[in-house]
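Commentary on secondary and tertiary structure
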Amino acid sequence: MLVYRLSATAEEDIFRLLAYTQNRFGEIARRRYEALLVVGLRDIAFDPERPGSAARPELGLAVRSYHLRHSRDRVRTADGSVRQPRHLLLYRVTRPDLIGVGRVLHDGMEIERHLPNQYGDE
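Let me begin by describing the structure that accompanies this report. Predicted, not measured: the structure shown is a model, and the values here were computed from it. Residues take numbers from 1 onward in each chain, read along the sequence in its written order. Per-residue local features of the predicted model are confined to residues with pLDDT of at least 70, and side-chain atom pairs are confined, for both listing and counting, to 80 or more; whole-chain, interface and lining totals are unaffected and use all residues. Heavy atoms from the whole structure form the basis of all side-chain values; hydrogens and water molecules are not counted.

Both faces of strand E3 (residues 64–67) are covered, namely the face carrying Arg64 and Tyr66 and the face carrying Ser65 and His67. Whether two strands pair depends on DSSP finding at least two bridges between them. Under the scheme used here, helices are H or I runs from DSSP no shorter than 4 residues and strands are E runs no shorter than 2 residues, and both carry numbers assigned from the N terminus. Bridging between strand E2 (residues 53–55) and E3 involves 3 bridges; their strand directions are antiparallel. Note that in E3 the partner of serine 53 across the bridge is tyrosine 66. One ladder, built from 4 bridges, connects E3 with strand E4 (residues 87–95); its direction is antiparallel. If you follow arginine 64 over to E4, its bridge partner there is tyrosine 91. Using a 1.4 Å probe on the protein chains alone, a residue whose accessible area is under 20% of its type maximum counts as buried, one over 50% counts as exposed, and one in between counts as partly exposed.

Within a beta sheet, neighbouring strands are joined by backbone hydrogen bonds and run either parallel or antiparallel to one another. Taken together, 5 strands build an open sheet; the order of strands is E1-E5-E4-E3-E2 and the sheet is mixed. One side of each edge strand has no neighbouring strand; the edge strands of this open sheet are strand E1 (3–6) and E2. Mean inter-strand twist for the sheet, computed between neighbouring axes without regard to direction, equals 30 degrees. By the bridge criterion, 8 bridges tie E4 to strand E5 (residues 98–106) in an arrangement that is antiparallel. When the sheet's bridge partners are listed, leucine 88 is paired in E5 with leucine 105. Pairs of residues are marked as contacts when any of their non-hydrogen atoms sit within 4.5 Å. To obtain each axis, a line is fitted to C-alpha atoms, and for helices this fit is confined to the stretch in contact; angles are then taken between N-to-C directions over 0 to 180 degrees. Against the sheet, helix H1 (residues 8–25) engages E1, E4 and E5, with an angle of about 40 degrees to E5.

Interaxial distance between H1 and helix H2 (residues 27–46) falls to 7 Å at its minimum, and their mutual angle equals 150 degrees. It follows from the interaxial angle that H1 and H2 lie roughly antiparallel. At the point where H1 passes H2, the crossing takes the right-handed sense. Facing H1, whose interface residues are Ile14, Leu17, Leu18, Thr21, Gln22 and Phe25, H2 presents Glu27, Ala29, Arg30, Tyr33, Glu34 and Leu37. Of the residues assigned to the contact of H1 with H2, the class counts are 7 nonpolar, 2 polar and 3 charged. When an angle is under 35 degrees it counts as roughly parallel; over 145 it counts as roughly antiparallel; between 65 and 115 it counts as roughly perpendicular; any other value is oblique. Left-handed is the label given to a crossing in which the near helix is rotated counterclockwise from the far helix by less than a right angle, and right-handed is the label when the rotation is clockwise. Each residue is assigned to one class: nonpolar for Ala, Val, Leu, Ile, Met, Phe, Trp, Tyr, Cys and Pro, charged for Asp, Glu, Lys and Arg, and polar for all the others, Gly among them.

Between the rings of Phe, Tyr and Trp (Trp by its six-membered ring), a pair exists once the centres lie within 6.5 Å; its type follows the angle of the planes, with under 30 degrees stacked, over 60 edge-to-face, and the other angles tilted. Counted by the stated rule, this structure contains 1 aromatic pair. Plain terms: the ring middles of tyrosine 20 and phenylalanine 25 are 6.4 Å apart, the flat faces sit at 80 degrees to each other, and that makes the pair edge-to-face. Given the relative accessible area of 47%, tyrosine 20 is considered partly exposed. On the accessibility criterion, phenylalanine 25 (55% relative accessible area) is exposed.

On to the pattern of salt bridges, then. By salt bridge we mean one thing: a side-chain nitrogen of Lys or Arg within 4 Å of a carboxyl oxygen of Asp or Glu. For the coordinates displayed, the defined rule picks out 10 salt bridges. Between arginine 31 and glutamate 27 there is a salt bridge, with its nearest N and O atoms 3.0 Å apart. Separated by 4 residues within a single helix, arginine 31 and glutamate 27 lie in helix H2, roughly one turn from each other. Residue arginine 31 is classed as partly exposed on the basis of its relative accessible area, which comes to 33%. A salt bridge links arginine 95 to aspartate 97, with the nearest nitrogen and oxygen atoms 3.2 Å apart.

Below, the discussion takes up the nonpolar core. By nonpolar core we mean a set of buried residues, namely Ala, Val, Leu, Ile, Met, Phe, Trp, Tyr and Cys, connected to one another through side-chain atoms within 4.5 Å. Tyr33, Leu37, Ile44, Leu89, Tyr91, Val101 and Val104 are the most contacted members of the largest nonpolar core, which has 21 residues in total. Within the residue set of this core, elements represented by two or more residues are H1, H2, E4 and E5. Core analysis: the second largest hydrophobic core is formed by 5 residues, Leu59, Val63, Leu90 and Leu105 among them.

Here it is in structure tokens:
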């Protein structure tokens with residue numbers, strides 16, 4: 001299993017995502033989405049090219065995306081699970097032992113407008 005590192009921008013994405021979820025849908029929904037994020041990050045750390053991930057050469061060298069819906073079935077909490085995840089992880093393997101997560105974006109966004117200069121190197 002590789003180690004993953006979140007860029008400062010990805011950390012901010014997660015903070016905003018969870019704050020929005022709590023404000024809009026409540027604490028239980030926030031906990032469910034937080035658990036989904038953890039599993040999604042672990043999933044790409046275990047296998048960066050896992051089924052459901054996609055090479056995204058149009059976004060940069062070695063950039064991949066992974067939609068959290070592919071991790072949904074592996075997340076069961078006492079509070080239930082996220083029915084319709086809407087976020088994806090943008091990442092790349094930056095070293096043989098490290099994944100840099102550059103962004104966590106809503107799937108309805110124009111991704112190109114929200115790209116960091118370098119994934120995991122901010």
